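As a plain string of letters, each chain reads:
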Amino acid sequence: MISIKGWSKLGNSWKWAIFSLLSLALASVVYLNFFRVAPEERGALRTLKCPKCRHVEEKVVVDISDPAETQCTCSECGERMGYLFKCEDCQYEFSLIEKEPPKPEPGMKTMAKFHLALEARKCPNCGSTHTGPVPVK
Ligand SMILES: [Zn+2]
Ligand SMILES: [Zn+2]
């Protein structure tokens with residue numbers, strides 16, 4: 001009887017140990033996701049293209065969609081520049097200012113949301129969504 005009691009006590013303490021380990025793990029996941037301040041990226045060197053005079057240059061961009069971002073103006077004509085994007089289908093190069101994708105309708109399917117995000121980066125020449133930013137050379 002005593003040994004059985006001992007085993008069941010051990011079982012309980014193990015359960016508690018596992019439970020506290022799990023809550024500790026959960027707590028750290030929550031902490032990492034919500035409270036840890038991600039190392040702020042102070043801009044990256046990107047290839048930019050002016051939509052007006054087609055001037056291409058490399059600049060350090062923090063947030064291209066921020067109107068206060070003075071780094072993103074064309075040194076030739078002063079127009080706001082976008083990222084230099086290239087269409088994989090027709091090789092057309094264009095200027096794209098990445099914006100927040102439009103808010104999806106409630107109840108929208110994942111594929112439709114994905115499509116919506118792709119719409120924002122469509123090639124203005126052939127309409128293809130196989131486009132991507134041109135990396136810095
Ligand atoms: Zn320009
Ligand atoms: Zn194209």
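Rules used throughout
Residue numbers restart at each chain and count upward from 1, following the sequence in its written direction. All chains are assigned letters beginning at A, and all ligands numbers beginning at 1, according to the order in which they are written. The predicted origin of the model limits local features to residues at a pLDDT of at least 70 and limits the giving and counting of side-chain atom pairs to 80 or more, whereas totals for whole chains, interfaces and linings rest on all residues. Helix and strand definitions follow DSSP, with helices as H or I runs of at least four residues and strands as E runs of at least two, each counted in order from the N terminus. Once C-beta atoms are placed from the backbone, each residue is buried if 20 or more other C-beta atoms lie within 10 Å of its own, exposed if 12 or fewer, and partly exposed for counts between those two. We call two residues in contact when their backbone-placed C-beta atoms lie within 7 Å. One bridge is not enough; two strands pair if DSSP finds at least two bridges between them. We define the nonpolar core as any set of buried residues of the types Ala, Val, Leu, Ile, Met, Phe, Trp, Tyr and Cys, connected via C-beta atoms lying within 7 Å of each other.

Observations regarding the environment of Asn125
Structurally, Asn125 is set in the loop between helix 2 (110-119) and strand 5 (131-133). For Asn125, a count of 14 C-beta atoms within 10 Å translates into the label partly exposed. For Asn125 and Cys87, which are 38 residues apart along the polypeptide, the C-alpha to C-alpha distance reads 8.5 Å. Setting aside residues no more than four positions away along its own chain, Asn125 makes contact with Cys87, Cys90 and Tyr92.

Comments concerning the pairing of strand 4 (residues 93-96)
Of the pairings in the sheet, the one linking strand 3 (residues 82-87) to strand 4 comprises four bridges and is antiparallel in character. Counterpart to Tyr83 in the pairing with strand 4 is Leu96. Hairpin geometry of strand 3 and strand 4 is characterised by an intervening segment of five residues between the two adjacent antiparallel strands and by a positive phi of about 65° at Gln91.

Thoughts on the nonpolar core
Membership of the largest hydrophobic core is limited to ten residues, which are Leu48, Cys50, Val61, Cys72, Cys74, Met81, Tyr83, Leu84, Phe85 and Leu96. At three residues, the largest contribution of residues to this core is made by strand 3. With near-sequence residues (within four places) excluded, Cys50 lies in contact with His55, Cys74, Glu76, Cys77, Glu79, Met81 and Ser95.

A look at the environment of Pro135
Tracing the chain through its elements places Pro135 in the segment after strand 5. Among the residues examined, Pro135 registers 10 C-beta atoms within 10 Å and is labelled exposed. Sequence separation of Pro135 and Glu58 is 77 residues, and the distance between their C-alpha atoms is 9.8 Å.

What about unusual backbone geometry?
Unusually for a residue other than glycine, Arg54 sits at a positive phi of about 65°. Mapped onto the fold, Arg54 is located in the loop between strand 1 (44-49) and strand 2 (56-61). Of note in the backbone geometry, Gln91 takes a positive phi value of approximately 65° without being a glycine. The residue Gln91 is located in the loop between strand 3 and strand 4 in this model. On the neighbour-count criterion, Gln91 (10 C-beta atoms within 10 Å) is exposed.

Some remarks on the pairing of strand 1
Regular strands show a simple pattern: their side chains alternate between the two faces of the sheet. Taken together, the six bridges between strand 1 and strand 2 define a ladder with antiparallel strand orientation. By the bridge assignment for strand 2, Ala44 is matched with Val61. The loop that links strand 1 with its antiparallel partner strand 2 comprises six residues; one of these, Arg54, has a positive phi angle of about 65°. As defined by bridge partners, strand 1 adjoins strand 3 across two bridges and the pair is classed as antiparallel. Bridge assignment links Lys49 to a residue of strand 3, and that residue is Gly82.

Everything listed is a geometric property; what it means functionally is a separate question.
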